[in-house]
Amino acid sequence: MGRRPAIDREELARLVAEGWSVRDLAARFGVSESGVLQAKRAAGLVKATLDHSRAVPWKVARAHLQSGPATNLRNLSAAAQGKPPASERLNTALRWAQRLVDAGLDVAYDPEEGFREVPVEPGGRSHVAAVLAEAREALHIE
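About the thresholds
- Residues numbered from 1 in each chain as written.
- Predicted model: local features only at pLDDT ≥ 70, side-chain atom pairs only at ≥ 80, totals over all residues.
- Heavy atoms only, no water.
- Helix = DSSP H or I, 4+ residues; strand = E, 2+ residues; numbered from the N terminus.
- Contact = heavy atoms within 4.5 Å.
- Salt bridge = Lys/Arg side-chain N within 4 Å of Asp/Glu carboxyl O.
- Buried < 20%, exposed > 50% of the residue type's maximum accessible area, 1.4 Å probe, protein only.
- Axes fitted to C-alpha atoms, helices over the stretch in contact; angles between N-to-C directions.
- Parallel < 35°, antiparallel > 145°, perpendicular 65-115°, else oblique.
- Left-handed = near helix turned anticlockwise from the far one by under 90°.
- Nonpolar A, V, L, I, M, F, W, Y, C, P; charged D, E, K, R; others polar.

Undergrad: It is not clear to me how the side chain of Asn75 should be interpreted in this structure. Could you clarify?
TA: Within the secondary structure layout, Asn75 lies in helix H4 (residues 68-80). Sequence-distant contacts of Asn75, defined by excluding residues within four places in its chain, comprise Pro85, Arg89 and Ala93.

Undergrad: Would you take a moment to explain unusual backbone geometry for this structure?
TA: Negative phi values dominate among residues other than glycine, just as trans dominates among peptide bonds. Although it is not a glycine, His140 adopts a positive phi angle of roughly 60°. Secondary-structure assignment places His140 in the segment after helix H6 (127-139).

Undergrad: Even after reading the chapter, I still don't get the pattern of salt bridges, so can you show me in this structure?
TA: Pairs can form between side chains of opposite charge once their charged atoms are near each other. As enumerated under the stated definition, the model contains six salt bridges in all. Glu18 is the partner of Arg14 in a salt bridge, and the nearest nitrogen-oxygen pair spans 3.1 Å. On the basis of relative accessible area, Arg14 is assigned to the partly exposed category, the value being 44%.

Undergrad: How do you make sense of the packing of helix H5 (residues 87-102) against H6 when you look at a structure like this?
TA: Helix packing geometry: the angle between the two helix axes and the distance between the axes. Across the interface, H5 lies against H6 with an axial gap of 10 Å and an inter-helix angle of 135°. Here H5 is positioned oblique relative to H6, judged by the angle of their axes. H5 and H6 meet at a crossing whose hand is left-handed. In contact with Leu90, Leu94, Trp96, Ala97, Gln98, Leu100 and Val101 of H5, H6 contributes Val128, Ala129, Leu132, Arg136 and Leu139. For the contact of H5 with H6, the per-class residue count stands at ten nonpolar, one polar and one charged.

Following this line, the structure appears as structure tokens:
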């Protein structure tokens, strides 16, 4: 059994900064693409991905992924995780959520129908209000 090829972290970082693809890096270092991805993670060269599962807890159909509510919830989630979107997108999401909260509304999701605005149950918890509160806290907005 032969020795596994080593990937030099400094060279890997330099080549990644130059824009080399995973495929090209794998060929350069004589490893699989999976090996390159593992080396990039180990070297801290992979951007952290955001997790929007709390803000968008539903299994959203492809047709509804780019709808206003889904986009606004993801943008608020990104802000809550310290990676706010461009200011115009963030402001749109904040205004949308505040409008719903002020009107006593929340969102519900159905895979067939998509998103819809629904009244918050008396004494119930608003999903949109919770997502908005997390974003406002992270953004230091009162």
